[in-house]
Each structure stands twice: as structure tokens, then as C-alpha cells.
Amino acid sequence: SSPPAILHPRVNTYIQQSLRKRGHVVTRIDPIDFVLLEKPHFAYPPGKAPSKLREVHEILKEADGYVCVTPEYNHSPSPALLNTLNHFASSAFSF
């Protein structure tokens, strides 16, 4: 049997287009863009985290809201999404 179709590029495109049509600025953060995250952003001294973590931290701090799209994984979000989110302190998500 063939492997299941990968839907995330189509779902991602649809959601981004829908949000942009409504006037929102959209920034995509995909766990697949990271190497396995082992040390959280907040565990590094200020300014010493890897550039990708610093970049995403700034995006999260500046965002007015978040839309998380993830497959259901055993009645919870996927481990990849949770691993990515857990690498940033709760202050990155505060308003």
C-alpha cells in the first residue's frame, strides 16, 4: 500500500490565504523547520540562543494571536508542536 498523502502543505496554504484575505499578517512556524529541540530558548543567556530560536521568539512576542494547526494525535496535539511551543517561556505568548 502507498503511504498516506501529506495534507499539511494544502491545509497550510488554505489557512494562510484565508487569513490574508481578512487582512491579517501571517507568519508560518513549522516544527519541521527545526532540528530536534533539546535546550529551550529561555535556558540560554540573553542573546546566546541559536538564531532560529531567537527569530521565532521575536515572532511569538510580537504576535497578536496564534493559529495552531495540527493533526489529532491520540486525543492531543502532536508531539512536534508541543515540543516546539515548550521551548519558549510563557512570557513569549503573553499579551
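Overview of the structure. The numbering scheme is per chain: residues are counted from 1 as the chain's sequence reads. Only residues with pLDDT of at least 70 get local features here, since the model is predicted, and only at 80 or more are side-chain atom pairs given and counted; chain-wide, interface and lining totals rely on the full set of residues. Only hydrogens and water are removed before side-chain values are computed, so all heavy atoms of the structure are retained for them.

## Section: the overall build of the protein chain
The criterion, for reference: Elements are defined by DSSP. Helices are runs of H or I of four residues or more, strands are runs of E of two residues or more, and each kind is numbered from the N terminus. Categorising residues by exposure relies on relative accessible area from a 1.4 Å probe, with only protein chains included: less than 20% of the type maximum marks a residue as buried, more than 50% marks it as exposed, and the intermediate range marks it as partly exposed. To be clear on the numbers: accessible area is Shrake-Rupley with a 1.4 Å probe, and residue cover counts the displayed protein chains and nothing else. Counting rule applied: Lys, Arg positive; Asp, Glu negative; His and chain ends not counted. The atoms used to mark charge sites are NZ of Lys, CZ of Arg, CG of Asp and CD of Glu.
Looking only at helices and strands, the protein chain has three helices and zero strands in total. Its helices and strands in sequence order give the protein chain the pattern α-α-α, from N to C terminus. With the C-alpha coordinates aligned to their principal axes, the bounding extent of the protein chain is approximately 45 × 35 × 25 Å. Out of the 95 residues in the protein chain, the part that is buried amounts to 20%. For the protein chain, the accessible area works out to roughly 7400 Å², and carbon and sulfur atoms hold 57% of it. Side-chain charges of the protein chain comprise 10 positive and 8 negative groups, with the mean position of each set lying 4 Å from the other.

## Section: the environment of Ala 43
Take Ala 43: it is sitting in the loop between α1 (8-21) and α2 (51-62). Distance in space between the C-alpha atoms of Ala 43 and Pro 77 is 24 Å, their sequence separation being 34 residues.

## Examining the nonpolar core
Stated formally: In this description, a nonpolar core means a group of buried Ala, Val, Leu, Ile, Met, Phe, Trp, Tyr and Cys residues linked to one another through side-chain atoms lying within 4.5 Å. Here, residues are in contact when the closest pair of their heavy atoms is within 4.5 Å.
Phe 34, Leu 37, Ala 49, Leu 53, Val 56, Leu 60, Phe 88 and Ala 92 form the largest nonpolar core, which has eight residues in total. Not counting chain neighbours up to four residues away, the residues in contact with Phe 88 comprise His 41, Phe 42, Leu 53, Val 56, His 57, Leu 60 and Phe 93.

## Some words on the pattern of salt bridges
Going by this rule: Salt bridges, as used here, are contacts in which a Lys or Arg side-chain nitrogen is within 4 Å of a carboxyl oxygen on Asp or Glu.
What the rule picks out here adds up to two salt bridges. Here Asp 30 makes a salt bridge to Arg 28, at a shortest N to O gap of 2.9 Å. Asp 30 sits in the buried class, given a relative accessible area of 14%. Take Arg 28: its relative accessible area is 40%, and that puts it in the partly exposed class.

## Some remarks on the side chain of Asp 30
Test applied: N or O atoms closer than or at 3.5 Å make up a polar contact, with two conditions inside protein: a donor-capable atom paired with an acceptor-capable one, and, for residues adjacent in sequence, both atoms drawn from side chains.
Considering the arrangement of structural elements, one finds Asp 30 in the loop between α1 and α2. Within the structure, the side chain of Asp 30 is placed 2.9 Å from the side chain of Arg 28, a separation counted as a polar contact.

## Quick look at α1
Cut-off, in case you're wondering: Take the number of residues in a helix, subtract one, and multiply by 1.5 Å to get its expected span.
The terminal C-alpha atoms of α1 lie 20 Å apart, and with 14 residues this matches the ideal 20 Å at 1.5 Å per residue to within 8%. Within two residues after α1, Gly 23 carries a phi angle of roughly 90°, on the positive side.

## Things to note about the packing of aromatic side chains
Quick note on the threshold: The rule is short: rings of Phe, Tyr and Trp, with Trp giving its six-membered ring, pair when the centres are within 6.5 Å, and they are stacked under 30 degrees, edge-to-face over 60, tilted in between. Think of it as a cone above the ring: NZ of Lys or CZ of Arg counts as a charge over the ring if it is within 6 Å of the ring centre and within 35 degrees of the ring normal.
Applying the stated rule across the entire model yields one aromatic pair. Ring centres of Tyr 66 and Phe 93 lie 5.6 Å apart, and the angle between their planes is 70°; this geometry places the pair in the edge-to-face category. Of this pair, Tyr 66 sits in the loop between α2 and α3 (79-85) while Phe 93 sits in the segment after α3, placing them 27 residues apart in sequence. Residue placement shows Lys 39 over the ring face of Tyr 44; its charged tip is 4.3 Å from the ring centre.

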